Amino acid sequence: MQGQRNLQSLTDQIMSELTPVVGAQHGAFYLTVNDGKRPSLVLTSTYAFRRRKNFQNRFELGEGLVGQCALERKTIVATDVPDGYVEVVSGLGHAPPRCIAVLPVLFEGQVRGVIELASFHEFTEIELSFLEQLMLNIGTAINIIGSSMRTEELLEQLQNSNAEMEKRNREI
């Protein structure tokens with residue numbers, strides 16, 4: 001995760017590397033956004049994802065498993081996923097996953113996002129423990145990138161203000 005300078009490239013990299021590491025076939029990363037109202041979770045990056053009709057890409061806190069995970073700040077694991085819930089698709093065929101894990105990405109108790117993974121197998125205790133530990137590191141990385149982005153915005157504003165002041169001083 002080091003070296004990433006924006007949230008999109010970070011979440012893309014996480015999905016492309018994390019999903020296969022735990023043997024998942026599907027993945028989705030939702031980032032928390034706060035647009036003046038209540039915080040919500042917006043789909044940012046995916047792994048082997050296929051858009052479907054009536055698919056939601058934004059969840060409020062408490063809405064669906066993604067929103068519930070964020071609200072409770074706890075991992076949710078669903079096993080024996082029913083047919084038709086979601087399908088893993090390849091060139092050779094398609095099949096529903098058997099297990100879904102929904103994990104909160106936290107930084108200092110605040111939900112920074114949610115990662116949802118779907119797998120043909122049930123996640124082991126070791127995989128779930130690994131994922132939960134990793135969510136803390138991902139939360140830290142998101143916070144660092146967010147802070148860097150805010151610092152760059154402030155620096156740009158300062159530079160613009162300095163340029164404007166210099167222009168006014170020359171006019172006097």
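First, a word on scope: everything that follows refers to the structure included in this document.

Quick notes on the pattern of salt bridges
So, step 1. Evaluation of the coordinates by the stated rule reveals two salt bridges.
So, step 2. Linking Glu 72 and Lys 74 is a salt bridge whose minimum nitrogen-to-oxygen distance equals 3.9 Å.
So, step 3. Accessibility expressed as a relative area gives 38% for Glu 72, which makes it partly exposed.
So, step 4. In this structure, the salt-bridge partner of Asp 83 is Arg 98, at a minimum N-O distance of 3.4 Å. Separated by 15 residues along the polypeptide, Asp 83 in the loop between β4 (76–79) and β5 (88–89) and Arg 98 in the loop between β6 (94–95) and β7 (99–107) bring together distant segments of the chain.
So, step 5. Overall, Asp 83 belongs to the exposed group, its relative accessible area being 63%.

Topic: helix α2 (residues 64–72)
So, step 1. When α2 is considered as a whole, its buried residues turn out to be Val 66, Gly 67, Cys 69 and Ala 70. Relative to the axis of α2, the buried residues are bounded by an arc of 155 degrees and lie together on one face.
So, step 2. Buried residues in α2 make contact with β1 (26–33), β2 (40–47), β3 (58–60), β4, β7 and β8 (110–119).

Some details on the packing of aromatic side chains
So, step 1. Applying the stated criterion across every chain yields a total of one aromatic pair.
So, step 2. For the pair Tyr 30 and Phe 59, a centre-to-centre distance of 5.5 Å together with 80 degrees between the ring planes defines the contact as edge-to-face. You can see Tyr 30 sitting in strand β1 and its partner Phe 59 sitting in strand β3, a full 29 residues away along the chain. Accessibility classification places Tyr 30 together with Phe 59 in one group, the buried group.

Concerning unusual backbone geometry
So, step 1. Even without a glycine there, the phi angle at Arg 73 is positive, about 60 degrees.
So, step 2. Structurally, Arg 73 is set in the loop between α2 and β4.
So, step 3. Positive phi outside glycine occurs at Glu 108, with the angle close to 50 degrees.
So, step 4. Looking at where Glu 108 falls in the secondary structure, it is placed in the loop between β7 and β8.

Digging into the sheet that holds β7
So, step 1. Spatially, β3-β2-β1-β8-β7-β4 is the arrangement adopted by the six strands of the open sheet, whose pairing is antiparallel. Only two strands of the sheet have a single partner each, and these edge strands are β3 and β4. Sheet twist, expressed as the mean angle between neighbouring strand axes with direction ignored, is 20 degrees.
So, step 2. Note that β7 and β8 share nine bridges and pair antiparallel. Its bridge partner lying in β8, Ala 101 is registered against Leu 117.
So, step 3. The strands touched by helix α1 (residues 7–21) within the sheet are β1, β2 and β8, with β2 carrying the most contacts at an inclination of about 55 degrees.

Things to note about the pairing of β2
So, step 1. In this sheet, β2 lies alongside β1 in antiparallel orientation, the contact comprising seven bridges. Along β2, the bridge assignment pairs Val 33 with Ser 40.
So, step 2. The turn linking β1 back onto β2 is made up of six residues, and Gly 36 within it adopts a positive phi angle of 95 degrees.
So, step 3. Where β2 lies against β3, three bridges are found, and the strand directions are antiparallel. Within the sheet, the bridge partner assigned to Ser 40 lies in β3 and is Glu 60.

About the thresholds
Residues numbered from 1 in each chain as written. Predicted model: local features only at pLDDT ≥ 70, side-chain atom pairs only at ≥ 80, totals over all residues. Heavy atoms only, no water. Salt bridge = Lys/Arg side-chain N within 4 Å of Asp/Glu carboxyl O. Buried < 20%, exposed > 50% of the residue type's maximum accessible area, 1.4 Å probe, protein only. Helix = DSSP H or I, 4+ residues; strand = E, 2+ residues; numbered from the N terminus. Arc of directions from axis to C-beta. Contact = heavy atoms within 4.5 Å. Phe/Tyr/Trp six-rings, centres within 6.5 Å; stacked < 30°, edge-to-face > 60°. Pairing = 2+ DSSP bridges. Axes fitted to C-alpha atoms, helices over the stretch in contact; angles between N-to-C directions.

It is worth stressing that arrangement in space is one thing and function is another; only the former is reported here.
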